[in-house]
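Chain and residue survey
Here is how the chains run, residue by residue.
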Amino acid sequence: MTRAALVVEGLTIRFGGLVALDQVSLSVAPGAIHAVIGPNGAGKTTLLNLVTGIYSPTAGRVAFEGQALTGLPPHRIAERGVARTFQNTELFAEMSARDNVRVGLHRHLAYSLAEAVLRLPRYRHVERKAAQRAEELLDLVGLGAQADTPAGDLALGQQRRLELARALAVGPRLLMLDEPAAGLRAAEVDELSAALRRLRAELGLTLVLIDHVMRVVMRLSDRITVLNYGRWLAEGTPEEIRRDPAVIAAYLGGAAHGA
Amino acid sequence: MLGQVLVSGITAGAVYALVALGFVVLHRGTRVVHFGLGDQLTLSAYAVVVGQVFLGLPFWAAVLLSLALSAGFGVLIERGVMRPLRGSPLLVMVIATLAIGAAIREAIRVGMGPQPWPIPFVLSPAPFTVGGLVLVPATLAVAGVATVVMLGLFLMLRHTRFGRAIVAVYENPTGAAIVGISVQDVHARLWVLASVLAAVAGILVAPLITLSPDMGTIGIKGFAAAILGGFNSLPGAIAGGLLLGILETAAGVYVSTAMKDVVSYGLLIACVLLLPQGLFGKAEARKV
Amino acid sequence: MHALRILGLLATLGALAALPFVAASHIVYLVALIGSTSIIVAGLSVVIGQSGQISIAQASFAALGAYGTAQLANMAGVPHWIGLPAVSLGTALVGYLFGLLSLRVADHYLALATMALCAIVQLLLVHMEDWTGGAVGLQVPPLALGGRILTQPVELYAVIVPLAVATAWFLYALQGSRTGRAFAAARMSEVGAAAVGIPVLRYKALAFSISAFLGALGGGLFALQTTYLDPAQFGILESVRLIAIAVIGGLLNPLGPAIGAAVFVLLPETMGALGRSMGLVFSLLLIAFIILAPGGLAGLAGRIRLNLAQRRAEVSRR
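In this report, the structure presented in the accompanying data block is examined.

Cut-off values and rules
- Each chain carries its own residue numbering, running from 1 in the written order of its sequence.
- Starting at A for chains and at 1 for ligands, labels are handed out in the order in which the entities are written.
- pLDDT decides what is reported in this predicted model: residues at 70 or higher carry local features, side-chain atom pairs at 80 or more are listed and counted, and totals for whole chains, interfaces and linings draw on all residues regardless.
- Any residue surrounded by 20 or more other C-beta atoms within 10 Å of its C-beta is treated as buried, while 12 or fewer makes it exposed and the intermediate range makes it partly exposed; C-beta atoms here are placed from the backbone.
- To qualify as a helix, a DSSP run of H or I must reach at least 4 residues; to qualify as a strand, a run of E must reach at least 2; elements of each kind are numbered from the N terminus.
- Note on pairing: two strands pair once DSSP finds at least 2 bridges between them.
- C-beta atoms are placed from the backbone for every residue, and two residues are taken to be in contact when these atoms lie within 7 Å.
- The span expected for a helix works out to 1.5 Å for each residue beyond the first.
- For a residue, the bend is simply the angle between two axes, fitted respectively to the seven-residue segment ending there and the seven-residue segment starting there.
- Classification convention: Asp, Glu, Lys, Arg as charged; Ala, Val, Leu, Ile, Met, Phe, Trp, Tyr, Cys, Pro as nonpolar; all other residues, Gly among them, as polar.

Once that is clear, we can look at the pairing of strand β9 (residues 223-228) of chain A. For a regular strand, side-chain orientation follows a simple rule: the groups alternate between the two sheet faces. Residues and elements named next belong to chain A. Among the six residues in β9, five count as buried, and that is most of the element. Pairing between strand β3 (residues 33-37) and β9: four bridges, direction parallel. Residue pairing across strands places valine 36 opposite threonine 225, the latter belonging to β9. The loop that links β9 with its antiparallel partner strand β10 (residues 231-236) comprises two residues; one of these, tyrosine 229, has a positive phi angle of about 50°.

Given below as structure tokens:
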């Protein structure tokens, strides 16, 4: 049995009186594409924010490749090899697409400020490599021609892809995507699915994605976890989930409180 | 001794409370923190002096003039600076209000000179004793007027259309816009309201301290009081103001008068850094 | 960089090098004053412009540099060429610590905390008379370098202007480095920056400490020129004036501080009697610029160039 890449155990978070996530557990195999779905307000983004360190859980733990991530701040979690994209893209709007990706490479650029100020050879070499790498990543997501465009001027679909390129620049082993398909047309959704599959194949990434768009979720995922009202509802392969009565009730029925 | 400290403390505190109210009213309604509010206080105090000394107006007329000018100034700021800057990042707003305050201060310095001005006394400066405490008529005036103004503010917000529109915009700008309330008008009114509150504070405090272009540092204390009170709460602002006034006076009496200001500012820094939600407020959570 | 721009910069450098030999002593003094002011303002370029944090404490950092070097020389006999770097580094540390503490809170709270810091420092300068000379002021001992006492405008010019040029270069190099990009990223989206591994809080504190360093450095040099320190020169109003210079010159341009400082130093000279109302003029200019031209004068130059380029493109298309 392969060791799980991402393990979430009993994750709970309370905001004041509201329990947004209650004892949620899941485990993702390395190299898998794992989706988290559920009706609005089910706690999917909250789960993502907990894993990536934006919130600290009230209870429970998160581990990646055997190392604890619980309670670490976001930048530490990125250092451990976990990258993410955002539902409302958090791009650096005034910077060019290339520079956005270069910021993603931040941790890998090994030179000091002094070397930069004195324009020493190591700075120049590292920056040249960084520019090349940024352009490679932009080409990978199909934004090669937009390298100099300010991120804020790009179309929504392009911005999503730029965020993807930036997340890849971090050099992650786990990539978490928050509603990557929202607002995209069917053709774009298929492009996205193909791109994600390619990433998994070529880079050996493990992917966790949150989405509502079933076209992506059903066709792409190896396993799906369903949340409802902050609680774990079901988990299984796309086929199993499609047929699960509790899941159907949660999406279609109204009151799925423990019925 | 303690009673005396309380009396002086509440007097200073009432002034801080008025300024704090100005900050909070403006921030809750428009999300802008007006770093020049203290300098508007200075402006209104000088306006009274100018009215009395140069225009020969009786005190009450000069006060009315000052209040009217402050209101007008508030409209000027809203229309001339805040409206063009709508949607700008917070940093830009802070710089803009800082610049407004600096401009007021410099204008006063140029127009009236940097030396302190004496304010002609309206009330008798003769002290009298009540139950062992030494009071000056000005003290009672400050406390009395401040109380009336605060009560008036609360009544206005609750019982007039003008006031209720303001509250609606506080709580739900989109909803307010949907029911036809002009958010822009309400913003203008809020600026007038804050300016008038600062003006009242300035007119009240002027006889008690020497008039100088740098009086506006009271604004920092008003801000501190607002933070102590949780920054988003009107009663909190009042409580914060009174508390600050008492603490500051106590520091002046029991520690040293020179260190009085250092205590205020030190308290302010400590509050901002360690307790940004103040004593009565809730911390602003950062959302993703 | 465009060949034209490089040529222009080289010409400016040449002019700066030649100036002391051809210009009157008073002009040399003024240009050196522009130099020391631009170093102080460069600090704001980093913390406000690149890092997007408000700081109303720059006058205090300048004061620490000025008073610190002066008193190290007066009271401990430490020569300026040791004292100034040492005090600047010490002030940088203060800036870093203050930054760590205050950057967890929202923008306007930071503004307030820096304002309060500025007020406290000024009050301490006035009240701690044994250490600072109090409200009466402090005499600044002259710069002693290589066995000589340097007090002539030309001599100070030779020390200050190269440092000012180095500072402008530093601003440019910082923007092109990973550190500068991290500042900008954190300014545009803290969440996005943290998600790619940038420790946002530490970088913001770093920006603060750089601003403190430059403030102290410029302040120490400024002290050598004015030779007498008065606490009234280092209050909140002065901090706002420094912000005005930074904005008017151009927050994100490496030459912005120099341009703003030039306007600030030279304008009163040309305005004669109105020179007394410079403070007012500057505050009004700040309001005008923040509304109409937030990129400052340097930004205007950029916009003009952009417009010219666009018009040239349109003409060639016809």
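If you look at the interface, chain C gives 20 residues, while chain A gives 25 residues. If you list the elements that add at least two residues to the side of chain C that touches chain A, you get α7 (153-175), α8 (178-188) and α9 (190-195) of chain C. With seven residues, the top contributor of residues to the side of chain C that touches chain A is α8(C).

Another point: helix α1 (residues 3-22) of chain C. Residue and element names in this part refer to chain C. For α1, built from 20 residues, the straight-helix expectation of 28 Å at 1.5 Å per residue is met to within 8% by its first-to-last C-alpha distance of 28 Å. At leucine 16, α1 shows its largest bend, some 25°, and a proline, proline 20, comes one to four positions later. Within α1, only zero of the 20 residues are buried, leaving the element largely exposed.

Attention now moves to unusual backbone geometry. Residues and elements named next belong to chain A. Phi is positive for arginine 119, close to 55°, though the residue is something other than glycine. Among the structural elements, arginine 119 can be located in the loop between α4 (113-117) and α5 (121-140). Even without glycine at this site, glutamate 179 takes up a positive phi of about 50°. Considering the arrangement of structural elements, one finds glutamate 179 in the loop between β7 (174-178) and α7 (186-203).

With that out of the way, let us pick up the interface of chain B and chain C. Many descriptions give the size of an interface as the accessible area lost when the pieces come together. Between chain B and chain C, the contact holds 36 residues from the first and 36 residues from the second. Residue assignment for the side of chain B that touches chain C shows that the elements contributing at least two residues are α4 (90-112), α9 (218-228) and α11 (259-274) of chain B. Ranked by residue count, the leading element in the side of chain B that touches chain C is α4(B), at 16 residues. Broken down by class, the residue content of the side of chain B that touches chain C amounts to 29 nonpolar, two polar and five charged.

In short, geometric facts, not functional conclusions.
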